[in-house]
Amino acid sequence: GWALLGSRKRARGLLMSSEFAIKVENLSKCYQIYDHPGDRLRQFLMPRFQRGFRQTPRQYFREFWALKNVSIEVKRGETVGIIGRNGCGKSTLLQMICGTLNPTHGSIQTHGRIAALLELGSGFNPEFSGRENVYMNGAVLGLSKEEIDSRFDSILEFAGDFIEQPVKIYSSGMLVRLAFAVAINVEPEILIVDEALSVGDELFQRKCFSRIDAIREAGATILFVSHSGTQVVE
């Protein structure tokens, strides 16, 4: 239900290589859907009793396959856009590539530091200030305190004037500014974006795309979801 649009133009300064930044093979994700809350307990207990009495275990849920047998390869330095209808598994795919969601079947290989903009506020502690969340997220992405210190002014340029306030009071636009500021300043080798930039105003979006273009020109791999045909072309 979704499609890939990719640019195979090599970024400046990047050597031709067959090495993949992202390689996904036969990836599937299945969710168990329960019609009634009590069915979860029945599923946990009843099959054990049924097997004990040599009965065929009954299944108290129905399966929903958000993604089934998907294989893609993205080479270093490529920019790939994923487009498709709502509910077709685009975000599920990105979350599994980032490691925030475990697949039911299949394998994922990534090569390089990943920075991701997924759901708004994911990875942020709402009680912490913007500054505290910057240091916490930077540490998760593998940066030392000294490295974050050296990048903080650049992060602040994107994040805005409320860096000392708890992020629970941030608007959706302020939240995506902070998330984007951290993601682009970890100098990612793979940048993954899931529709997040659609929240910001036009000026902020232009600023973001300018920075993303600079990251692409530096040789990074970019994988993104967008419902905007204009953004895909850009």
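All values reported here derive from a predicted model rather than from experimental measurement.

The next point concerns empty space enclosed by the protein. The gaps left among the atoms become clear once a water-sized probe is rolled over them. Scanning all chains against the criterion turns up one cavity of 30 Å³ or more. In this structure, the largest cavity occupies an estimated 40 Å³ of space. V134, G138, L143, I148, R151, I155, V182 and V186 together form the lining of the largest cavity. Put simply, the parts of the chain that give the lining of the largest cavity at least two residues each are α3 (130-140) and α4 (145-159).

Another point: helix α2 (residues 90-98). Counting buried residues in α2 gives seven out of nine residues, a clear majority hidden from the surface. For α2, the full list of buried residues reads K90, T92, L93, L94, Q95, M96 and I97. Of the residues trailing α2, G99 is marked for its positive phi of about 90°.

Our focus in this paragraph is the packing of helix α5 (residues 172-185) against helix α6 (residues 202-217). It is at 11 Å that the axes of α5 and α6 come closest, and there the two elements cross at 15°. By the angle between their axes, α5 is roughly parallel relative to α6. As for the relative orientation of α5 and α6, their crossing is left-handed in sense. In this structure, α5 contributes V176, R177, F180, I184 and N185 to the contact, and α6 contributes F204, C208, R211, I212 and I215. Class assignment for the residues of the contact of α5 with α6 results in seven nonpolar, one polar and two charged.

For the rest of this paragraph, the subject is the confidence of the model for the protein. With 89% of its residues at a pLDDT of 70 or more, the protein shows a mean pLDDT of 83. Put simply, strand β1 (residues 2-7) is where the protein has its lowest mean pLDDT, 66, and strand β5 (residues 105-110) is where it has its highest, 94.

A separate point is the pattern of salt bridges. Within this structure, the stated rule accounts for ten salt bridges. Here D149 and K145 are joined by a salt bridge, their closest N and O atoms 3.2 Å apart. Of this pair, D149 and K145 both sit in helix α4, four residues apart, which is roughly one turn of the helix. Residue D149 is classed as partly exposed on the basis of its relative accessible area, which comes to 34%. Overall, the relative accessible area of 53% leaves K145 in the exposed class. A single salt-bridge network, built from bridges that share partners, covers D213, R216 and E217.

Definitions and cut-offs
- Residues numbered from 1 in each chain as written.
- Predicted model: local features only at pLDDT ≥ 70, side-chain atom pairs only at ≥ 80, totals over all residues.
- Heavy atoms only, no water.
- 1 Å grid on protein atoms, 1.4 Å probe; cavity = no way out; pocket = protein on both sides within 12 Å on 5 of 7 lines; lining within 4 Å.
- Points joined across faces, edges and corners; volume = space filled by probe spheres on them.
- Helix = DSSP H or I, 4+ residues; strand = E, 2+ residues; numbered from the N terminus.
- Buried < 20%, exposed > 50% of the residue type's maximum accessible area, 1.4 Å probe, protein only.
- Axes fitted to C-alpha atoms, helices over the stretch in contact; angles between N-to-C directions.
- Parallel < 35°, antiparallel > 145°, perpendicular 65-115°, else oblique.
- Left-handed = near helix turned anticlockwise from the far one by under 90°.
- Contact = heavy atoms within 4.5 Å.
- Nonpolar A, V, L, I, M, F, W, Y, C, P; charged D, E, K, R; others polar.
- pLDDT = per-residue confidence, 0-100.
- Salt bridge = Lys/Arg side-chain N within 4 Å of Asp/Glu carboxyl O.

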